[in-house]
Amino acid sequence: MAQFCQTLTSVGLGTLSFTTPMAGAFFLEGKISLPSINMGSGAASACLVTINQNGAPVYVGQAGAEGFKTDLSCALADVIAIVLTSAAAVDQPINAIKTTIAWGLGE
């Protein structure tokens with residue numbers, strides 16, 4: 001089996017999408033740097049991660065979690081979208097949240 005692993009970084013809320021380069025069992029793992037009360041905010045983060053595969057949700061995290069991990073069974077050219085949302089004011093500034101994502105073949 002071919003080896004494949006890639007790391008992506010995103011800043012702020014929004015959607016990060018990519019297409020799988022081959023069929024197989026993929027892992028998807030992320031670390032989220034959230035704003036905290038000690039960073040001058042008055043409330044905790046409510047950032048929520050949703051992972052969609054070809055438009056359908058396959059993973060929904062917990063609000064305020066600092067990371068996520070899931071395994072996906074993908075076909076060639078499946079579209080994976082990682083969506084970070086929040087209604088909390090502390091999460092809205094563009095540099096308030098930073099996400100680093102590793103994904104690749106394997107579990």
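Below: a short report on this structure.

A word on the overall build of the chain. Across its full length, the chain carries zero helices and eight strands. Shown N-terminal to C-terminal, the secondary structure of the chain runs as helices and strands in the order β-β-β-β-β-β-β-β. Scaling as 2.2 N^0.38, a compact globule of 107 residues should have a C-alpha radius of gyration of about 13 Å, and the chain matches this with 14 Å. A principal-axis box enclosing the C-alpha atoms of the chain has dimensions of 50 × 25 × 20 Å. When contacts within the chain are restricted to residue pairs at least 6 apart in sequence, long-range pairs at least 24 apart make up 76% of them. Carbon and sulfur atoms make up 56% of the accessible area of the chain, which amounts to about 5700 Å² in all.

Our focus in this paragraph is the sheet that holds strand E2 (residues 14–19). Spatial strand order, E2-E7-E4-E5: four strands in an open sheet with antiparallel pairing. The open sheet has two free edges, formed respectively by E2 and strand E5 (56–60), since each of these has just one partner strand. Looking at each pair of strands side by side, their axes are set apart by 25° on average, direction ignored. Pairing geometry for strand E4 (residues 48–53) and E5, over four bridges, is antiparallel. Counterpart to Thr50 in the pairing with E5 is Val60.

Inspection of the sheet shows strand E3 (residues 24–33) paired to strand E6 (residues 67–74) by eight bridges, in the antiparallel sense. When the sheet's bridge partners are listed, Glu29 is paired in E6 with Lys69. Relative to strand E8 (residues 98–105), E3 runs antiparallel, the two being bridged by eight bridges. Looking at the pairing, Phe27 lines up with Gly104 of E8.

Let us look at unusual backbone geometry. Across residues other than glycine, the phi torsion is negative in most instances, and most of the peptide bonds are trans. Despite not being glycine, Asn54 has its phi angle at roughly 55°, a positive value. Considering the arrangement of structural elements, one finds Asn54 in the loop between E4 and E5. For Asn54, a relative accessible area of 47% puts it in the partly exposed group. Although it is not a glycine, Ala77 adopts a positive phi angle of roughly 70°. Mapped onto the secondary structure, Ala77 falls in the loop between E6 and strand E7 (79–85). Judged by its relative accessible area of 43%, Ala77 falls in the partly exposed class.

Here we take up the nonpolar core. Membership of the largest hydrophobic core comes to 21 residues, with the highest contact counts inside it found for Leu28, Phe68 and Ile82. When contributions to this core are tallied by element, the ones reaching two or more residues are E2, E3, E4, E6, E7 and E8. The contact partners of Phe68, leaving out residues within four places of it in the chain, are Leu28, Glu29, Gly30, Ile32, Val49, Ile51, Tyr59, Ile82, Thr99 and Ile101.

What counts and how
- Residues numbered from 1 in each chain as written.
- Predicted model: local features only at pLDDT ≥ 70, side-chain atom pairs only at ≥ 80, totals over all residues.
- Heavy atoms only, no water.
- Helix = DSSP H or I, 4+ residues; strand = E, 2+ residues; numbered from the N terminus.
- Rg over C-alpha atoms; globule rule 2.2 N^0.38 Å.
- Contact = heavy atoms within 4.5 Å.
- Areas by Shrake-Rupley, 256 points an atom, 1.4 Å probe, with all protein chains shown as cover.
- Pairing = 2+ DSSP bridges.
- Axes fitted to C-alpha atoms, helices over the stretch in contact; angles between N-to-C directions.
- Buried < 20%, exposed > 50% of the residue type's maximum accessible area, 1.4 Å probe, protein only.
- Core = buried A, V, L, I, M, F, W, Y, C linked by side-chain atoms within 4.5 Å.

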